[in-house]
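Listed below are the residues making up each chain.
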Amino acid sequence: FRSVALATSSLWSTARGSANYTAPMQKKNSAFLHRSGSCPLLVTLDVDTSKTFHASVDRFMKDILPYSKRWKDFRLMFRGGGAYWFFETLKTLKLDTLHLPDLEKLSVSSKPYTLTWMDEDLEADLHWSIPNLRILDLKDFVINIHNKTSLTDVSLDVHIEDFPFDWIRSFSLLPSLRYLHI
C-alpha cells in the first residue's frame, strides 16, 4: 500500500501555507510538491493579517513559485483585515507578475471585509496572467472581472450594505458565463 501511495502523484498535489508557516509545514510541502510529479496543484494560503508573519508568507510563496505553471486551484484566505500587505509582499518578492497558464480556479476570501469595491490599487498591484481562469469564488472580496472573459462560474458572497451594482453589470462582458451565485 505504501509504495502505491508514494507512486500515485495525484495524492500529493496539495500545498498549504499559513501565516505561521513552520519548518515542519515547509518540509511536508516540499515532500508533497516533489511527489506530485507533473500533476496540477491545489495551493491554499490562510493568512491571519492581524499577526505580522511576513517572513512565513514570503517563505511559502518562494517554496511554491517554482511550481506556479502547475497551479490549477489557488485559494487565499485573509483573516483579521489588512489584505493589502499581502499584495505588497508579493510585489517585493517579484511575485506580483506571474503567468499561470493552468490556473482554472481562484478563490479569495477576506474576513472581515476590508477593501473597497473595485480597489484600483489591487488591480495595479497584482498582474497575474490567468488565461484559463474558469471559476472565481469571492467572499467579501472583489476583483475586476472585465478582462476575465474565460470565466464560466462566478460565486460572490458579500456582507456589506453598499453593494456595487455597477460591478454586476460587468457580467454582461463574460460570454462564457454559465453559473452565477450572488
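It should be noted that the structure appears before, not after, this text.
I will try to describe carefully the structure that is included in this document. (Residues numbered from 1 in each chain as written. Predicted model: local features only at pLDDT ≥ 70, side-chain atom pairs only at ≥ 80, totals over all residues. Heavy atoms only, no water.)

With respect to the overall build of the chain
Okay, step 1: Helix and strand content of the chain: 6 helices and 9 strands.
Okay, step 2: Across the 182 residues that make up the chain, the buried fraction comes to 45%.
Okay, step 3: Within the chain, contacts between residues separated by at least 24 positions form 74% of all contacts whose residues are at least 6 apart in sequence. (Helix = DSSP H or I, 4+ residues; strand = E, 2+ residues; numbered from the N terminus. Buried < 20%, exposed > 50% of the residue type's maximum accessible area, 1.4 Å probe, protein only. Contact = heavy atoms within 4.5 Å.)

As for the side chain of Ser150
Okay, step 1: Within the secondary structure, Ser150 is located in the loop between strand 7 (135-139) and strand 8 (153-157).
Okay, step 2: For Ser150, a relative accessible area of 16% translates into the label buried.
Okay, step 3: At 2.5 Å, the side chain of Ser150 and the backbone oxygen of Leu133 are in polar contact.
Okay, step 4: A distance of 3.5 Å separates the side chain of Ser150 from the side chain of Arg134, its partner in a polar contact.
Okay, step 5: In this structure Ser150 touches Ile130, Pro131, Asn132, Leu133, Arg134 and Ser176, once residues within four positions along its chain are discounted. (Polar contact = N/O pair within 3.5 Å; in protein donor to acceptor, adjacent residues only side chain to side chain.)

Remarks on the pairing of strand 7
Okay, step 1: In this structure, strand 5 (residues 105-111) lies alongside strand 7, joined through 5 bridges in parallel fashion. Bridging from a neighbouring strand, Val108 pairs with Leu138 of strand 7. (Pairing = 2+ DSSP bridges.)

Digging into the environment of Glu104
Okay, step 1: Counting through the fold element by element, Glu104 comes out in the loop between strand 4 (97-99) and strand 5.
Okay, step 2: For Glu104, a relative accessible area of 34% translates into the label partly exposed.
Okay, step 3: It is 8.5 Å that separates the C-alpha atoms of Glu104 and Leu136, two residues lying 32 residues apart in sequence.

What about the nonpolar core?
Okay, step 1: By size, the foremost hydrophobic cluster in this structure holds 39 residues, and its most contacted members are Met61, Ile64, Trp71, Phe74 and Leu138.
Okay, step 2: For this core, the secondary structure elements donating two or more residues are strand 2 (41-48), helix 3 (54-64), strand 3 (71-79), strand 5, strand 7 and strand 8.
Okay, step 3: Each residue touching Leu138, except ones within four places of it in the same chain, is listed here: Val108, Ile143, Ser155, Leu156, Asp157 and Trp167. (Core = buried A, V, L, I, M, F, W, Y, C linked by side-chain atoms within 4.5 Å.)

Some details on the sheet that holds strand 3
The strands making up a sheet associate through hydrogen bonds between their backbones, and the pairing can be parallel or antiparallel.
Okay, step 1: In spatial order, the strands read 1-2-3-5-7-8-9; together these 7 strands make up an open sheet with parallel pairing. Each edge of the sheet is formed by a strand with only one pairing partner; in this case those strands are strand 1 (14-18) and strand 9 (179-181). Direction aside, neighbouring strands of the sheet carry axes that sit 5° apart on average.
Okay, step 2: Judged from the 5 bridges that link them, strand 1 and strand 2 form a sheet pairing that is parallel. Bridge assignment links Gly17 to a residue of strand 2, and that residue is Leu45.
Okay, step 3: Seen against the sheet, helix 2 (residues 23-35) touches strand 1 and strand 2 and runs at an angle of roughly 160° to strand 1. (Axes fitted to C-alpha atoms, helices over the stretch in contact; angles between N-to-C directions.)

A few points about the pattern of salt bridges
Pairs can form between side chains of opposite charge whenever their charged atoms are close.
Okay, step 1: By the definition in use, this model includes 4 salt bridges.
Okay, step 2: Here Lys72 makes a salt bridge to Glu104, at a shortest N to O gap of 4.0 Å. Of this pair, Lys72 sits in strand 3 while Glu104 sits in the loop between strand 4 and strand 5, and the two are 32 residues apart along the sequence.
Okay, step 3: Between Lys139 and Asp137 there is a salt bridge; the shortest N-O distance is 3.2 Å.
Okay, step 4: A residue is classified by how much of its surface remains accessible, and Asp137, at 16% relative accessible area, is buried. (Salt bridge = Lys/Arg side-chain N within 4 Å of Asp/Glu carboxyl O.)

Focus: helix 2
Given 3.6 residues to a turn, an α-helix orients residues that are three or four positions apart in the same direction.
Okay, step 1: A rise of 1.5 Å per residue sets the reference length of helix 2, with its 13 residues, at 18 Å; its end C-alpha atoms lie 18 Å apart and thus fit the reference within 8%.
Okay, step 2: Turning to helix 2, its buried residues are Asn29, Phe32 and Leu33. Buried residues in helix 2, looked at end-on, bunch into an arc of 95°, giving them a common side. Facing away from the buried side of helix 2 by over 90 degrees, the exposed positions are Ala23, Pro24, Lys27 and His34.
Okay, step 3: Phi for Gly37, located one or two positions after helix 2, is positive at around 60°. (Expected span 1.5 Å × (residues − 1). Arc of directions from axis to C-beta.)

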